[in-house]
Amino acid sequence: MTVAEAKRTLELEGIYVSMSDRESFWIAGSFEFVEVGRDNVRLSQDACVLFRKNDHWQAVLPGLGMLTREVYGSLDELVALIVSVYRHYRQSGGPLYRAVEQVVADAERYLVGGVPARV
Amino acid sequence: MTPADAETSGTGGGLRYLTEEVCPEMVAQEQSHSCQVACARQLLIDAGVIMTETELAERIEYHEGSGTDAKDIAALLTRLHPNDRFMGGTIEPGFLESVTGVAPWIASVKTLSGSRHAVIVDKVDNGIVHIRDPWGLFGPGSSTGSRATMELGNFHDHWRAGFHLSVFRQRTSQGAQS
């Protein structure tokens, strides 16, 4: 799957996709425009990111509070995962992190952002 | 300014600071996951509203081990700040300049050690991001936080891995649902 195909696949699901560079997606199930200064900023409560990191791709999905779930894989795998998460999210409602918990197999394994390195 | 030590700067290591120094204008967080609350507390102090971290934490849903939601922090600030309305959530990354135009604002970043952390962004100047960090030089419970600088490219990396979670002030209050 190419980057353009990945973007098109997500958009066909009704998911908003913004690319900050050729290999970095900001993905939102919904958003509102917030006027900040002279700009309308897209603000989302159900977004995730997908980007290339070295020789693989990484999806960062929301967890409770400040936690996230980080999943590594091929672009095909992660786009398929994100599509599944948003389908579940739209069908079942609730916060996006709940859909992530229910769709991602062994979701706890991917949880990051816990206790800082040195307390 | 002192050069930052990559081993020790930013939540005990893991934020690529160029410089970091003790900052009396930044409170220190009191709990391991209360960084967003501490940042909100400092924004209120900047506006003349003096509250303890405990008083703020009592007014918000604080999840032990995972901290607070950006949206909740924004709502708390809107209730308590004398002048400004705040919004919280994840913002499209191309709008960093827009929110920095109404700085200071709170950014959620991921450290190299894997933890998530919140800092105040004061300005971006010539490719350098100026930050106040509630972790400070000595960790939670110390007397002050720190002031630090980071290259813009590195900030983008840390912020993206924190999936662009932000709490920022909205000088005007109009928005439209997509």
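Placed above this text is the structure.
Summary of the structure given here. Here the structure is a predicted model, which means the values were calculated and not measured.

**Details of the overall build of chain B**
The helix and strand inventory of chain B stands at six helices and eight strands. What you see in chain B, going N to C, is helices and strands ordered as α-β-α-α-α-β-α-β-β-β-β-α-β-β. Restricting to contacts in chain B with at least 6 residues of sequence separation, those with at least 24 account for 59%.

**Observations concerning the overall build of chain A**
Scanning chain A for helices and strands turns up three helices and eight strands. Helices (α) and strands (β) of chain A occur, in sequence order from the N terminus, as α-β-β-β-β-β-β-β-α-α-β. Taking 14 Å as the expected radius of gyration for a compact globule of 119 residues, we find that chain A reaches 15 Å, a close match to that expectation. Dimensions of chain A along its principal axes, counting C-alpha atoms only, are 40 × 35 × 35 Å. A burial count over chain A gives 37% of its 119 residues as buried.

**Here's the deal with the environment of Gly29(A)**
Residue and element names in this part refer to chain A. Tracing the backbone through its elements, the reader meets Gly29 in the loop between β2 (24-28) and β3 (32-36). What makes Gly29 buried here is the crowd of 21 C-beta atoms within 10 Å. As a C-alpha pair, Gly29 and Gly63 span 34 residues in sequence and 16 Å in three-dimensional space. When neighbours within four sequence positions are excluded, Gly29 is seen to be in contact with Ile15, Asp46, Tyr86, Tyr89 and Leu96.

**What about unusual backbone geometry?**
Residues and elements named next belong to chain B. In the segment running from Ala103 into Pro104, the intervening peptide bond is cis, with an omega of 5°. Tracing the backbone through its elements, the reader meets Pro104 in the loop between α5 (96-100) and β3 (105-110). With phi around 50°, Asn126 is a residue other than glycine that occupies positive phi space. Here the phi dihedral of His164 falls at roughly 60°; this positive angle occurs in a residue that is not glycine. Mapped onto the fold, His164 is located in the loop between α6 (152-161) and β7 (165-170). According to the C-beta neighbour criterion, His164 is buried, with 28 such atoms within 10 Å.

Analysis parameters
- Residues numbered from 1 in each chain as written.
- Chains lettered and ligands numbered in written order.
- Predicted model: local features only at pLDDT ≥ 70, side-chain atom pairs only at ≥ 80, totals over all residues.
- Helix = DSSP H or I, 4+ residues; strand = E, 2+ residues; numbered from the N terminus.
- Contact = placed C-beta atoms within 7 Å.
- Rg over C-alpha atoms; globule rule 2.2 N^0.38 Å.
- Buried ≥ 20, exposed ≤ 12 C-beta atoms within 10 Å, placed from the backbone.

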